[in-house]
Structures are given as structure tokens and as C-alpha cells.
Amino acid sequence: MKVEEKAGARTEAAAADGGRSAEAMLEIIVQGRGGQGAQTAGQLLARAFFASGRQVQAFASYGGARRGTPVSSFLRVADRPIRLRCDIERAGAILCFDASLLAPPLLSRADARTLVVVNSARPPSAFAAELPGHRVVPVDALAIARSQGMGRIVNSALIGAFARVLGSPALPVLQQLLLAQSPTKPEENAAACALGWEAAGARLQDVKA
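Residues numbered from 1 in each chain as written. Predicted model: local features only at pLDDT ≥ 70, side-chain atom pairs only at ≥ 80, totals over all residues. Heavy atoms only, no water.

(A) Spotlight on the overall build of the protein. Looking only at helices and strands, the protein features eight helices and seven strands. Within the protein, buried positions represent 49% of all 209 residues. Considering only intrachain contacts with a sequence separation of at least 6, the fraction spanning at least 24 residues in the protein is 59%. Approximately 9700 Å² of the protein is accessible, and the part contributed by carbon and sulfur atoms is 52%. (Helix = DSSP H or I, 4+ residues; strand = E, 2+ residues; numbered from the N terminus. Buried < 20%, exposed > 50% of the residue type's maximum accessible area, 1.4 Å probe, protein only. Contact = heavy atoms within 4.5 Å. Areas by Shrake-Rupley, 256 points an atom, 1.4 Å probe, with all protein chains shown as cover.)

Here it is, written out as C-alpha cells:
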């Protein structure tokens, strides 16, 4: 099954293409707070999708120049050149570094088809009760990071979990990137990515389709 189908991605009219064609694409929002690594995660995902042969568009927004303020990274992934040049209004998938950010400013860009992966130790049932109508896959990325001696650096575990939920990019592609590009602890980052992948797989069966 293609990634767009798994993520409930939309077929967007390619407005910038004059309406001549419709392109199926996956639109992703990576949301975190300053200092959590959300921007780095977005860049790694973009590189991994590109390395997998997909077309990728990536851009970012910053809530402020200080730690703790919301930051967002946006990706579009498709099999054809991407000509859209506008904000993502409705995401096919969201990667959220902080459960406190699962609030109207972010969830207004999601619907019942949007897959949401969030860094949290809480069970899927807790999010199903609090956020009815949303498909939330929680993964305790903080525990995974700490198990690998990485403290609060959760982005490798989260991108592994996110890729598992989407069905792409492949885990070996992500791990190769982490081994090649992580400034510190490359092997620990690759291991955390694999553990995030496994954790998300275990959670998926508990999330209502």
C-alpha cells in the first residue's frame, strides 16, 4: 500500500499547475517547541523521502527566537514534481513532539483521516477519549531516548515511529542517514530510531482505523 493511502492523504488540485492535473501527495506537519529538534526531524524526514526516490518540498516557521516557543516544519511528498507554494491547511499526517501542542491551533489542520504521532507515555485510549475524531498514536520517545543515553533528544525515536505509522521511509534509509549525519552518538540515534519504529508498530493495533 502506498504511503498516501496509509496516511489518508489527499488528492490536492494542483492549483499552481493551472488545474491541468491533480497530484496525490502527502502533506506533513512536524510540530514541536524550540530546542526539541522538530526542525531537525523535518529535515531528516525530507532527506529520507528524497533518498527513497520521492519528490519533497520542505519549509518551516518559527514562533520566536527562544526555547520553548512552538516551531513547525512542513513537508509535501509526492511522486511528481510539487508545484504548490502555499501553507498546509489540512495535513495527512502530523508528528508532534509535545502532547500539550495537540490543541486547536494544530488540530484545526487535522481531520479524521489525519494520522498523528505524538511523544507521550499515555495510552492510545487516553487520546481517543480526549480527542475524539482524531487518530493519535502515542510513542514514549523520551523513554526510548533515555534508554540509549540520549537524555531528552527524542527526534530519532520519533521519526522512526512516524515512518512506521506512514509505512515510509524505510527504516534502513533513516538509519543510514542518522549514522552518516548525526553530529554525536550516531549509533545511539540509529538504535533509537529502530526502537521508535518498533514501539509505533505495537501501538498501531490499539488505534482505531
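(B) Quick look at the packing of helix 2 (residues 38-51) against helix 7 (residues 171-181). Where helix 2 meets helix 7, the closest approach of the two axes is 9 Å, and the angle between their N-to-C directions is 125 degrees. Taken together, helix 2 and helix 7 sit at an angle that is classed as oblique. Crossing geometry of helix 2 relative to helix 7 is assigned as right-handed. Side by side, helix 2 and helix 7 meet where Leu44, Arg47, Ala48 and Ala51 of the first sit next to Val173, Leu174, Leu177, Leu178 and Gln181 of the second. (Axes fitted to C-alpha atoms, helices over the stretch in contact; angles between N-to-C directions. Parallel < 35°, antiparallel > 145°, perpendicular 65-115°, else oblique. Left-handed = near helix turned anticlockwise from the far one by under 90°.)

(C) Region of the structure containing the side chain of Arg54. Relative to the helices and strands, Arg54 resides in the loop between helix 2 and strand 3 (55-62). A distance of 2.6 Å separates a polar atom in the side chain of Arg54 from a polar atom in the side chain of Asp79. (Polar contact = N/O pair within 3.5 Å; in protein donor to acceptor, adjacent residues only side chain to side chain.)

(D) Quick peek at the packing of aromatic side chains. This model, assessed by the stated rule, comprises one aromatic pair. Consider the rings of Phe59 and Phe74, whose centres lie 5.1 Å apart with planes at 20 degrees: the pair is stacked. Pair noted here: Phe59 is in strand 3 and Phe74 is in strand 4 (residues 70-78), with a separation of 15 residues, a long-range link. The class for Phe74 is buried, based on a relative accessible area of 7%. Sitting above the plane of the Phe127 ring, Arg122 keeps its charged end 5.1 Å from the centroid. (Phe/Tyr/Trp six-rings, centres within 6.5 Å; stacked < 30°, edge-to-face > 60°. Lys NZ or Arg CZ within 6 Å of the ring centre and 35° of its normal.)

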